[in-house]
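One-letter residues, chain by chain:
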Amino acid sequence: YKLLSEALKTNTTLKHIIFYSNNSGTEGCKFLSEALELNNSLQAIDLGRNDIDSDGCKLLAKGLQINSTLIRLYLEQNYFSDEGCIYLEEVLKNNK
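Residues numbered from 1 in each chain as written. Predicted model: local features only at pLDDT ≥ 70, side-chain atom pairs only at ≥ 80, totals over all residues. Heavy atoms only, no water.

Caption draft 1: Molecular detail of the pattern of salt bridges. Considering all chains together, one arrives at 4 salt bridges under this definition. The partner of Glu6 in a salt bridge is Lys9, and the shortest N-O contact between them spans 3.1 Å. One end of the pair is Glu6 and the other is Lys9, both in helix H1 (residues 2-10) and 3 residues apart, which spans about a single turn. Among the residues examined, Glu6 registers a relative accessible area of 39% and is labelled partly exposed. Residue Glu90 pairs with Lys93 through a salt bridge whose shortest N-O separation is 3.5 Å. (Salt bridge = Lys/Arg side-chain N within 4 Å of Asp/Glu carboxyl O. Helix = DSSP H or I, 4+ residues; strand = E, 2+ residues; numbered from the N terminus. Buried < 20%, exposed > 50% of the residue type's maximum accessible area, 1.4 Å probe, protein only.)

Put into structure tokens, the structure is as follows:
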């Protein structure tokens, strides 16, 4: 995930990416969050079935605070609690 994150930081053409069922977990969310802070082309990311917990949601929310292009984030079949939802809700309600 670290190498992919580095590539996404400078990507200007990729609009959608699917990471479905890759077991990225919290570590993958850390790298993806860093990429989201700099990426200005991604519009959709599928992170379904990646063992993402509330800590992973918190990391994603950090990246989404800066990112303004992402409009779809798929997180089905992960393991975060209501706390993880709150992290994302707080940042997404301000992301227009």
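Moving on from the coordinates now.
Caption draft 2: Geometry of the state of the cysteines. Counted by the stated rule, this structure contains 0 disulfides. Take Cys57: it sits in no disulfide, and the sulfur closest to it among the cysteines is that of Cys85, at 6.5 Å. We classify Cys57 as buried; its relative accessible area is 0%. Overall, the relative accessible area of 39% leaves Cys85 in the partly exposed class. (Disulfide = S-S within 2.5 Å.)

Caption draft 3: Geometry of helix H3 (residues 54-66). Taking 1.5 Å as the rise per residue, H3 with 13 residues should run 18 Å; its terminal C-alpha atoms sit 19 Å apart, in good agreement. Among all positions in H3, only Ser54, Gly56, Cys57, Leu60, Ala61, Gly63 and Leu64 are buried. The buried residues of H3 occupy one face: seen down the axis, they fall within an arc of 165°. Exposed side chains of H3 directed beyond 90 degrees from the buried face belong to Gln65 and Ile66. Summarising the contacts, the buried residues of H3 are in contact with helix H2 (25-38), strand S3 (72-74) and helix H4 (82-92). Measuring from the backbone nitrogen of Asp55 back to the side-chain oxygen at the start of H3 gives 3.1 Å, which picks out Asp53 as the cap. (Expected span 1.5 Å × (residues − 1). Arc of directions from axis to C-beta. Contact = heavy atoms within 4.5 Å. Polar contact = N/O pair within 3.5 Å; in protein donor to acceptor, adjacent residues only side chain to side chain.)

Caption draft 4: View of unusual backbone geometry. Its identity is not glycine, yet Asp51 carries a phi of approximately 55°, on the positive side. Within the fold, Asp51 resides in the loop between strand S2 (44-46) and H3. The phi torsion at Gln77 lies on the positive side, around 60°, for a residue other than glycine. Assignment of secondary structure puts Gln77 in the loop between S3 and H4. Take Gln77: its relative accessible area is 54%, and that puts it in the exposed class.

That is the geometry; function is a separate question.
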